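Structural features, examined
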Amino acid sequence: MPFSHRSLQSILALALAGVLAPGAAPSEGQRTMRYKAGSANAAHAWQQDVRGQLAELLHLTDLAKSRATIPLEAETTGREDRDGFILETVRLRSTKGRSITCALAKPSPTPSGALPAVVCIHGHQGTQMTPFNPKEDIYKEFGAALAKRGFVVISTNVGQHEVYETGRTLMGERLWDLMRCVDYLQSLTEVDPKRIGCAGLSLGGEMAMWLGAMDERIAATVSAGFLTYMDQMEQNHCICWKFDGLRERVDYPDIYCLIAPRALQCQNGLKEPETQFTVPLARKAMEEVKPIYRDLGAAGNVELLVHEGAHEIALEPLIAFLDRHMKRPTAPQKDPAGR
Ligand SMILES: [Zn+2]
């Protein structure tokens, strides 16, 4: 007999927990709202249903409804000239009782006309300054690079691990702060409100997924170093991604499905450690995201970018993707102003 009774039992337990085959048939009572390919109408209805349920679980429904009654009260508290852009510090009111600090980068000299904008999001241990920090090399200064290319860039700190306000959730508060960054971008005369994207690495890739999924104002999403399955995240990873009711309904591919038909690039590196955001799991997950793009007639709007690196941003493909989906088709590529 190949297995003792005990080892057979533990293998069965592992299989039930989904450990042996991440992304395979979910355990009973999990992922009950998994996306199943169908028509465009069915896809839209599924998205509305899932988005509504997730907003409830994130404790965001009341905030979204009362958004108009929470003024941004934006206040610029700092300003410095950098090479090719101006970097400002801005305070915004996020909820009635809480404010956030943002870094806001504007191309300099500022090109004429309304500009595309990107919410740039850091990972664990980062801050709102991470996308502009040359010392944090896995990020490739992606915030600075986008500002130099003619995008307005905003970033805020979503690295907290405590819930700030009673009745909220950690992921809900992180996501809401990012949605307020979008509110602020839409209020700026320099920004084209129809061309706002988001991009991030690691926890930032996760938050880019959430922002793209839950906020339909986001026109394009780049989610780097994150596409995987929840079974993989149950081990060897900070558990801050998890909240009550999440796994019962969806897995990560389903959340990415909420972004369709809007543009989505996921990036995963071939040198990711086996316990982390590996390319084989990302490929498998991406196969579960593609059907809804097909159902919505937008198969060309989604891609998995596999790169040679590790847990890091692949900068050129990120910029090329956002250029392709967020700059006007007639914009010259080599204009000195970066537009
Ligand atoms: Zn965490």
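Right above here is the structure, for reference.
What comes next concerns the included structure. Note that the structure is a prediction, hence the values are computed from the model and not measured.

1. Remarks on the side chain of Gln265
Locating Gln265 in the fold gives a position in strand E8 (residues 263–269). Within the structure, Gln265 has its side chain in polar contact with the side chain of Gln267 (distance 3.1 Å). Contact partners of Gln265, with chain neighbours within four places excluded, come to Thr221, Val222, Ser223, Glu303, Leu305, Pro317, Leu318 and Phe321.

2. As for the packing of aromatic side chains
Scanning the model with the defined rule gives seven aromatic pairs in all. With centroids separated by 6.4 Å and ring planes inclined at 20°, the aromatic side chains of Tyr139 and Phe142 adopt a geometry described as stacked. The pair Tyr139 / Phe142 is uniform in exposure class, with both members buried. For the pair Phe226 and Tyr252, a centre-to-centre distance of 4.9 Å together with 75° between the ring planes defines the contact as edge-to-face.

3. Overview of the coordination of the zinc ion
Note on the zinc ion: its protein donors are His124 (NE2), His161 (NE2), Cys238 (SG) and Cys240 (SG). The metal-donor distances range over 2.0 to 2.2 Å. Its four donor atoms give the zinc ion angles of 106 to 119° at the centre, a pattern that matches the tetrahedral case. Mapped onto the sequence, the donors of the zinc ion take the spacing H-x36-H-x76-C-x1-C. Here His124 is found in the loop between strand E4 (115–121) and helix H4 (142–148), whereas its partner Cys238 is found in the loop between helix H7 (230–233) and helix H8 (246–249), with 114 residues between them in sequence.

4. Some details on helix H10 (residues 279–295)
The terminal C-alpha atoms of H10 lie 25 Å apart, and with 17 residues this matches the ideal 24 Å at 1.5 Å per residue to within 8%. At Glu288, H10 shows its maximal bend, which comes to roughly 25°, and the proline Pro291 appears one to four places after that position. Regarding H10, the residues found buried are Val279, Leu281, Ala282, Ala285, Met286, Glu288, Val289, Pro291, Ile292, Tyr293 and Asp295. Of the surrounding elements, those touching the buried residues of H10 are helix H2 (40–57), H7, helix H9 (252–257), E8 and strand E9 (302–307).

5. A word on the pattern of salt bridges
On inspection of all chains with the given rule, the structure shows 24 salt bridges. A salt bridge links Asp62 to Arg168, with the nearest nitrogen and oxygen atoms 2.8 Å apart. Highlighted residues: Asp62 in helix H3 (residues 61–65) and Arg168 in the loop between strand E5 (152–156) and helix H5 (170–187), separated in sequence by 106 residues. Residue Asp62 is classed as partly exposed on the basis of its relative accessible area of 42%. When its relative accessible area of 19% is taken as the criterion, Arg168 is described as buried.

6. Some thoughts on the sheet that holds strand E2 (residues 85–95)
Taken together, nine strands build an open sheet; the order of strands is E1-E2-E3-E5-E4-E6-E7-E8-E9 and the sheet is mixed. The sheet terminates laterally at strand E1 (75–82) and E9, the two strands that pair on one side only. Mean inter-strand twist for the sheet, computed between neighbouring axes without regard to direction, equals 20°. Summarising the sheet, E2 and strand E3 (residues 98–107) pair through 10 bridges and their orientation is antiparallel. In the strand pairing of E3, Leu87 is matched with Ala105. Contacting E4, strand E6 (191–201) and strand E7 (218–224), helix H6 (residues 203–214) crosses the sheet at an angle of about 145° to E6. The sheet strands contacting H10 are E8 and E9, and the helix crosses E9 at an angle near 165°.

7. As for the nonpolar core
Looking at soluble globular proteins, one finds that nonpolar side chains tend to be buried together. Grouped together as the largest cluster of nonpolar side chains are 76 residues, with contacts concentrated most on Val119, Leu185, Trp210, Met214 and Tyr256. Residues in contact with Trp210, not counting those within four places in the same chain, are Leu54, Leu58, Met171, Leu175, Asp215, Phe243, Leu246 and Ile255. Listed in part, the 28 residues of the second largest apolar core include Cys120, Ala199, Ala263 and Ile319.

Parameters and conventions
Residues numbered from 1 in each chain as written. Predicted model: local features only at pLDDT ≥ 70, side-chain atom pairs only at ≥ 80, totals over all residues. Heavy atoms only, no water. Helix = DSSP H or I, 4+ residues; strand = E, 2+ residues; numbered from the N terminus. Polar contact = N/O pair within 3.5 Å; in protein donor to acceptor, adjacent residues only side chain to side chain. Contact = heavy atoms within 4.5 Å. Phe/Tyr/Trp six-rings, centres within 6.5 Å; stacked < 30°, edge-to-face > 60°. Buried < 20%, exposed > 50% of the residue type's maximum accessible area, 1.4 Å probe, protein only. Donors = N, O, S within 2.8 Å, 3.2 Å for Na, K, Ca; no water. Tetrahedral: all angles 85-135°; square planar, octahedral: opposite > 155°, others 65-115°. Expected span 1.5 Å × (residues − 1). Bend = angle between axes of the 7 residues up to and from the residue. Salt bridge = Lys/Arg side-chain N within 4 Å of Asp/Glu carboxyl O. Pairing = 2+ DSSP bridges. Axes fitted to C-alpha atoms, helices over the stretch in contact; angles between N-to-C directions. Core = buried A, V, L, I, M, F, W, Y, C linked by side-chain atoms within 4.5 Å.

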